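Observations on the three-dimensional arrangement
Chain by chain, the residues:
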Amino acid sequence: MNIKYKKMIVQLLKKASEEFGDKGCNDTPDEILNILSQEEKEELNDNMHTWEDAPGDHDKDNLDIIYDDWILTDFLGDLLAKEIEQEELK
């Protein structure tokens, strides 16, 4: 994928995160989370807590943060932005 398209996706994810955060119900739809195995959900949850500067500050059995669509969208946007930075350094 063209790097400029990836940058557009990052901006769209950030905008979507703002929009999601403004609505009342912030539940990530099951059909999105069901793409991941239970192990992958736990890893995502841990990575998101680390990204939020709260590593270990959560119950490992409670996958709380991945269910907030606005946080998940913001996290994925940042992850893609870092990937783009690495590509540009090559």
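Residues numbered from 1 in each chain as written. Predicted model: local features only at pLDDT ≥ 70, side-chain atom pairs only at ≥ 80, totals over all residues. Heavy atoms only, no water.

**Describing the pattern of salt bridges**
Two side chains of opposite charge can pair, provided their charged atoms sit close to one another. Rule in force here: For this analysis, a salt bridge means a side-chain nitrogen from Lys or Arg found within 4 Å of a carboxyl oxygen belonging to Asp or Glu. Strands here are runs of E lasting at least two residues and helices are runs of H or I lasting at least four, both read from the DSSP assignment and numbered beginning at the N terminus. A simple rule labels every residue: compare its accessible area, found with a 1.4 Å probe on the protein chains alone, to the largest value its type can have, and call it buried under 20%, exposed over 50%, or partly exposed in between.
Within this structure, the stated rule accounts for 6 salt bridges. Notably, a salt bridge pairs E88 with K7, separated by 2.6 Å at the nearest N-O pair. Of this pair, E88 sits in helix α4 (residues 69-89) while K7 sits in helix α1 (residues 3-22), and the two are 81 residues apart along the sequence. On the basis of relative accessibility, which here comes to 44%, the residue E88 falls in the partly exposed class. Residue K7 is classed as partly exposed on the basis of its relative accessible area, which comes to 37%. The residue D78 makes a salt bridge to K14 at a minimum N-O spacing of 2.4 Å. A residue pair is termed long-range when its members are at least 10 positions apart, and D78 in helix α4 and K14 in helix α1 qualify at 64 residues. When its relative accessible area of 25% is taken as the criterion, D78 is described as partly exposed.

**Overview of a nonpolar patch on the surface**
Condition: Patch membership requires more than 30% relative accessible area and the absence of a salt bridge. Residues of like charge join within 9 Å; the nonpolar side chains Val, Leu, Ile, Met, Phe, Trp and Tyr join within 5 Å. Exposure was quantified through the Shrake-Rupley algorithm and a 1.4 Å probe, taking into account, for residues, occlusion by the shown protein chains and nothing else.
Together, M1, Y5, M8 and I9 give the surface a local cluster of nonpolar side chains, amounting to about 460 Å² of exposed area. As for its placement among the helices and strands, M8 is situated in helix α1.

**Examining the nonpolar core**
Taken as a class, soluble globular proteins show a tendency for nonpolar side chains to be buried jointly. To be explicit about the condition: The nonpolar core is taken to be a set of buried Ala, Val, Leu, Ile, Met, Phe, Trp, Tyr and Cys residues, with the residues joined through side-chain atoms within 4.5 Å.
Listed in full, the 9 residues of the largest apolar core are L33, L44, M48, L63, I65, I66, I71, L72 and F75. Of all the secondary structure elements, the ones that give two or more residues to this core are α3 (38-51) and α4. At 3 residues, α4 tops the list of elements feeding residues into this core.

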